[in-house]
Amino acid sequence: MSLTLKQIRNLRALLGGETLAWSAINSELLQLLIDEQLVTVKTHRSRKTVYAQNAANLQSFLEQHFEELRDFDWNKDDISIASSRAELAVNSGNSKSVILRSCPGFMVNSYDSIPAKIRDREIFIAPDEGTMLFVSDWEHFAIPENVLVVGVENMENFRRIREQRYLFPDDRPLLFVSRYPQSADLRNWLKNIPNDYLHFGDFDLAGMHIYETEFFKFLGNRSSFFIPTDIEVRLSNGSTERYDTQYVKFKNYLPKDKRLFPLYKMINHYHRCYDQEGYIK
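Because the structure is a prediction, the values reported are computed rather than measured. (Residues numbered from 1 in each chain as written. Predicted model: local features only at pLDDT ≥ 70, side-chain atom pairs only at ≥ 80, totals over all residues. Heavy atoms only, no water.)

For strand S9 (residues 148–152), a buried count of five out of five residues is recorded, marking the element as mostly surrounded by other parts of the structure. Because side chains alternate across S9, one face comprises the buried residues Leu148, Val150 and Val152, and the other comprises Val149 and Gly151, equally buried. Two strands pair when backbone bridges link them, and S9 and strand S10 (residues 174–178) are joined in this way by five bridges, in the parallel orientation. For Val152, the partnering residue across the bridge sits in S10 and is Ser178. One ladder, built from four bridges, connects S9 with strand S11 (residues 197–200); its direction is parallel. (Buried < 20%, exposed > 50% of the residue type's maximum accessible area, 1.4 Å probe, protein only. Helix = DSSP H or I, 4+ residues; strand = E, 2+ residues; numbered from the N terminus. Pairing = 2+ DSSP bridges.)

Moving on to the nonpolar core. In terms of nonpolar packing, the biggest core is built from 56 residues, with Phe141, Phe168 and Trp189 touching the most fellow members. Among the elements that make up this core, the one with the highest residue count is helix H7 (residues 205–219) (seven residues). If sequence neighbours within four positions are ignored, Trp189 has contacts with Phe106, Trp138, Phe141, Ile143, Val149, Leu175 and Val177. Core analysis: the second largest hydrophobic core is formed by 23 residues, Ile8, Ile25, Val50 and Phe61 among them. (Core = buried A, V, L, I, M, F, W, Y, C linked by side-chain atoms within 4.5 Å. Contact = heavy atoms within 4.5 Å.)

Further remarks concern unusual backbone geometry. Note: most peptide bonds trans; most residues except glycine with negative phi. In this model, Asp120 sits at a positive phi of 65°, which is unusual for a non-glycine residue. Residue position: Asp120 is located in the loop between strand S5 (114–118) and strand S6 (121–125). Phi angles above zero are rare outside glycine, and His271 is one such case at about 55°. As for its position among the elements, His271 is in the segment after helix H10 (261–270).

Moving on, we get to the sheet that holds strand S1 (residues 20–21). The sheet built from three strands is open, its strands ordered S1-S3-S2 with antiparallel pairing. Pairing within the sheet leaves two strands with one partner each, and these edge strands are S1 and strand S2 (39–44). With two bridges connecting them, S1 and strand S3 (residues 47–52) associate as antiparallel partners. Across the sheet, Ala21 pairs through a bridge with Thr49, a residue of S3.

The pairing of strands in a sheet happens through backbone hydrogen bonds and is either parallel or antiparallel. Here six strands make up an open sheet; going across it, the order is S7-S4-S10-S9-S11-S12 and the pairing mixed. At either margin of the open sheet sits one strand with a lone partner, and together these are strand S7 (133–135) and strand S12 (223–225). Each adjacent strand pair in this sheet contributes to an overall mean axis angle of 30°, direction not counted. The pairing of strand S4 (residues 106–109) with S7 spans three bridges and is antiparallel. Across the sheet, residue Val108 finds its bridge partner in S7, namely Leu133. Strands S11 and S12 of the sheet are contacted by H7, whose axis makes an angle of about 170° with S12. (Axes fitted to C-alpha atoms, helices over the stretch in contact; angles between N-to-C directions.)

Here the chain averages 85 in pLDDT, while 87% of its residues score no lower than 70. Long-range and interchain partners of residues 81–100, a stretch whose pLDDT sits below 50, account for 43 contacts in this model, where long-range means more than four residues apart. (pLDDT = per-residue confidence, 0-100.)

The periodicity of an α-helix, 3.6 residues per turn, causes residues three or four positions apart to be oriented the same way. Among all positions of helix H3 (residues 55–65), only Leu58, Phe61, Leu62 and His65 are buried. Taken around the axis of H3, the buried residues stretch over an arc of 100°, which confines them to a single face. Looking at the buried positions of H3, the neighbouring elements they touch are helix H1 (5–15), helix H2 (27–35), S3 and H7. Capping the start of H3, Asn54 holds a side-chain oxygen 3.1 Å from the backbone nitrogen of Ala56, two or three residues further along. (Arc of directions from axis to C-beta. Polar contact = N/O pair within 3.5 Å; in protein donor to acceptor, adjacent residues only side chain to side chain.)

Below, the discussion takes up the layout of surface pockets. In this structure, the largest pocket occupies an estimated 540 Å³ of space. For the largest pocket, the lining is made up of 25 residues, of which Glu36, Ala206, Ile210, Lys249 and Phe250 are closest to its centre. When residues of the lining of the largest pocket are traced back to their parent elements, those giving at least two are H3, H7 and helix H9 (240–250). Counting residues per element, the lining of the largest pocket draws most heavily on H7, which supplies six residues. Looking at the lining of the largest pocket residue by residue, the classes come out as seven nonpolar, ten polar and eight charged. The calculated volume of the second largest pocket comes to roughly 460 Å³. (1 Å grid on protein atoms, 1.4 Å probe; cavity = no way out; pocket = protein on both sides within 12 Å on 5 of 7 lines; lining within 4 Å. Points joined across faces, edges and corners; volume = space filled by probe spheres on them. Nonpolar A, V, L, I, M, F, W, Y, C, P; charged D, E, K, R; others polar.)

This is how it looks when you write it as structure tokens:
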């Protein structure tokens, strides 16, 4: 999801306390903000309007979700577009009022060498232990169809994939990807390739919700949520505090991916959550 100049101005109006027409915000973005309980929708007969519940929370979410908004100066009146922050800094001395993604792409990792191509140039994904590879030209990044793409939610797990090799006895080669820095690049890349996607996240309501809203919604059954064989034992000793905190937000959440129901029932049965970092040996 990319942001236009008009969208940025409308979001800034929301942050300033203004109430906007329903149609003023991109429908995909608006649904995301509603799901995250960051905006409220009001109906006035046949007219719908939206406003921010908490401007600080909304701004924090936007800056985390959209790389082009990090360090963005929301107070500037002259929001403009340039080809690079360097260009804007040269022309005006200020690189913070530009709507620009200076670091598009996503990180990849693997413990076995994975052949790949970028613009028909052959490369191998084989980061040394303790390193990762950042793919910036993701629109021209291709991997073999038999590679299983594993999305790792938390950075600690992503950095230490070799210590979790025992979890994935799959015969297929595995390419691990990270959704941070958070943007739509990873999802858009996944939408344009035929490979299966496996989401490895926290075993809680929030983790399932992230999987469904950011991946399953767009990839369908080509995506799945990783559920270890021993998860029930681990959940029975998990965190009740985390469950209670999340329940306030997700008490009405019901998985759309029916394959999640066994995990969903376990979490609500034990009233506990379990962090994926617990699987690092």
